[in-house]
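Take a look at the letters that make up each chain.
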Amino acid sequence: MRTYSRIGLAFVIKCFATTMITIIVSAESPQPPFSCDSSSPTPPYPFCNVSLPIPNRAHDVVSRLTLDEKVLQLVNGAPGIPRLGISAYEWWSEALHGISRHGKGVRFNGTITASTQFPQVILTAVSFDSHLWYRIGQAIGREARAMYNVGQAKGLTFWAPNINVLRDPRWGRAQETPGEDPLVVGDYSVSYVRGIQGDSFEGGKIDPNSDHLQASACCKHFVANDLDNWKTANRYNFDANITQQDLADTYLPPFKQCVQQGQASGIMCAYNRVNGVPNCADYNLLTKTARQAWSFKGYIASDCDAVAIMHDVQGYSKLPEDAVASVIKAGMDVNCGSYLKKYTKSAIEMKKLTEAEIDRALENLFTIRMRLGLFNGNPKTGIYGNFGPDDVCSEEHQNLALEAARNGIVLLKNSGKLLPLSKSKTNSIAVIGPNANSTQTLLGNYEGVACKNITILQALEKYVKNTHYHPGCVDSVNCTSVAIDEAVGIAKMADYVIMVMGLDQSQEREKLDRLDLVLPGKQSALVSAVARSAKNPVLLVLLCGGPVDVSFAKDDPKIGSILWAGYPGEAGATALTEIIFGDHNPGGRLPVTWYPREFAKVAMTDMRMRPDPSSGYPGRTYRFYNGKPVFEFGYGLSYSTHTYKFVSSTQNKISLGPNQELGTCYMSVSEIREDLCEKAEFTVVIDVENDGEVSNHTVLLFVRWDDHGEDWNGHFIKQLMGFQRVSLGRRGRSEVEFVVKPCEHFSRVREDGLMVVEEGSRSLVVGDQEFTIDVIL
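Keep in mind it's a predicted model, so treat the numbers as computed, not measured.

What counts and how
- Residues numbered from 1 in each chain as written.
- Predicted model: local features only at pLDDT ≥ 70, side-chain atom pairs only at ≥ 80, totals over all residues.
- Heavy atoms only, no water.
- Axes fitted to C-alpha atoms, helices over the stretch in contact; angles between N-to-C directions.
- Helix = DSSP H or I, 4+ residues; strand = E, 2+ residues; numbered from the N terminus.
- Parallel < 35°, antiparallel > 145°, perpendicular 65-115°, else oblique.
- Left-handed = near helix turned anticlockwise from the far one by under 90°.
- Contact = heavy atoms within 4.5 Å.
- Buried < 20%, exposed > 50% of the residue type's maximum accessible area, 1.4 Å probe, protein only.
- Salt bridge = Lys/Arg side-chain N within 4 Å of Asp/Glu carboxyl O.
- Polar contact = N/O pair within 3.5 Å; in protein donor to acceptor, adjacent residues only side chain to side chain.

A word on the packing of helix 6 (residues 182-197) against helix 8 (residues 253-260). Contact pair helix 6 / helix 8: the axes reach a minimum separation of 8 Å and the direction vectors enclose 25°. Between helix 6 and helix 8, the angle falls in the class roughly parallel. Crossing hand, helix 6 versus helix 8: right-handed. When helix 6 is examined against helix 8, the residues Pro182, Leu183, Val185, Gly186, Asp187, Ser189, Val190 and Val193 are found in contact with a partner set consisting of Pro254, Gln257 and Cys258.

Right under this line is the structure:
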């Protein structure tokens, strides 16, 4: 038997205790995955040398890989390479409106068990507040880094934002987008990307060649991916037939902004084909447009299994190896899925692809990982190393989620000033509806685990103790069966009735588009029956991402108020209740047209934006739709009224120089001298006055073409040229400035895709005020 002296035994006990403490600490504080151990006195390889330019380091690491190792790095779940000290990496994480439980890169079963869940994007867009969008992105980026630092994330590339223009209200993913206007969608993308990546609000803080990315954003889905599963068409088999005109002025601009102004480090190519070519195999789209024309410097990922469907579903590629070769040659870098892992090597052996071509893709991928600082040793010692559990679900972030929900909810109707309800005089309320007592509905899709989450019913009970509840619909929002008698019974007993209706993820989501634009099942009948029986006009609250036709409620005098609350996130119930009882003045404006139910007759597969009067096709979005909407883009009421006045001495004529071509007076924007465009710019000042209580108010400035005649195919009806959010005190006023850039704001795209400025009149429109300007060429 081995014996120890007292000193020796004490030493053994001390060593054992130290070891146990180390094990316990390691168990409690797992290390984030990283490459290049910085504890080494000299970097073992040039790719670990932080003093070298990142392109050189990326080239070096790729040069050291075997072909088999290279192939394994071309998919989202990239394995580690132990012989080189390179950690595994997961490219697929989601952060649409908060760190998500979807994707493969993040887990919530460690020190951090939740993350801040902001309103779904369509509701956040309602604020028309670029700085708010930036702050949300910034918060999400910080929480992402915190989760990475504690070892609960395997990657820092997040596949958001979704910036497909909301072309059709039936799209199941309408909730994920910032709406139907390309300018708003583009500006949202810039703000979100700058925030999550660690840039400043104005941009330019992050050197694209540095290792200072907080997290990586990805503009998706490139391009025209706005149909999921409608009748016989789905996102896998759909071939979108799009004119050059519509591509240039609707589908591409948000992605251009995301890349050029936002400096996004990722793009995701979409499943669908455009004019016969799969997006992920389109060299003109990925390389000539994104990389060359827009100077994109990041990585391009496929949507999940998009490469496989080119062969398996679309029949575009004869062999699997053809699909692999076409996407790599087009400019794609990483495959969400396993197709490249299975078939890249055989594609090289079959001479369909060269090893040099996959090296290009790999260098793009390793560049991003290096820009994230993941080849600099332990990220905890880097510039974002101080983020930890205290930065997730922080009070600051939860307050931001509440602010976003407050500023997102839209007041659509308020007859007789039903709202706000009096806190002192409201003795009892009835809360009726399938969405009243659900926390999950508030989050929308691509959600994570919320920090705190209460139902609308629970929030209302904090204001009115005498609250009675009934779901109304027997089978949730599907509402094929209703308990009208029970609902009417509690409605008759209450001073006021609040009906919480709408949709949820069983009605609209990824892979599920709607076939109609009305409330599901017997919801409308339930609302009308309760309204007829209530003591006072009822309040209708709608939870939904895509718009619904609620004309019946809009026209019913027994329905006094309508609030659209989207999917308002973890603080949504609190924000909604504050608005109902007047603790916050609503100021949201619709970022999407609410169409009548007849719009559902339009084929969702018709990609045209402009109307065709000869066939009765009505066009899409407020810029082109020639029908009468239920609620128009930009609509939203307040507890105050606001008036506008143009106060600047604005010039009413602009000259850009003559050019006659084929009898039409126009000039290509690219041909107008830059100094003439700059000289033509001018400032518009608008006085905004609030005649009521404190409000956050959005000023929307449109430009309208006054002389398009019957040429619907060429011109917009009107187009948003700027927006600003202003805070106004009680009976306060403010002056808002917009810079008008005629070469940009007064131009349009011809049928051949050429951007031109035409001679003629334009009107600047804000509210009921107009200012006319003549453009002379």
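In this structure, the amide linkage connecting Ala160 to the following residue, Pro161, adopts the cis form with an omega of 10°. The residue Pro161 is located in the loop between strand 3 (157-158) and helix 6 in this model. Phi is positive for Gln263, close to 60°, though the residue is something other than glycine. Tracing the backbone shows Gln263 in the loop between helix 8 and strand 8 (266-269). You will see that Asp305, though not glycine, has its phi angle at about 70°, which is positive. Of the residues examined, Asp305 reaches a relative accessible area of 41% and is grouped as partly exposed.

Tallying each qualifying case throughout the model produces 32 salt bridges. Linking Lys70 and Asp359 is a salt bridge whose minimum nitrogen-to-oxygen distance equals 2.9 Å. Taken as a pair, Lys70 in helix 3 (residues 67-72) and Asp359 in helix 13 (residues 355-371) lie far apart in primary sequence, 289 residues in all. The same class applies to Lys70 and to Asp359, which are both buried. A salt bridge links Arg135 to Glu403, with the nearest nitrogen and oxygen atoms 2.7 Å apart. With Arg135 in helix 5 (residues 130-149) and Glu403 in helix 14 (residues 395-406), the pair connects residues that are 268 residues apart, well separated along the chain. By relative accessible area, Arg135 is classed as partly exposed at 26%. Glu403 sits in the partly exposed class, given a relative accessible area of 23%.

Mapped onto the elements of the fold, Ser265 is located in the loop between helix 8 and strand 8. The class for Ser265 is buried, based on a relative accessible area of 0%. Separated by 2.6 Å, the side chains of Ser265 and Ser216 make a polar contact. Leave out the neighbours within four places in its chain, and Ser265 touches Gln197, Leu213, Ser216, Ala217, Phe296, Gly298, Tyr299, Ile368 and Arg371.

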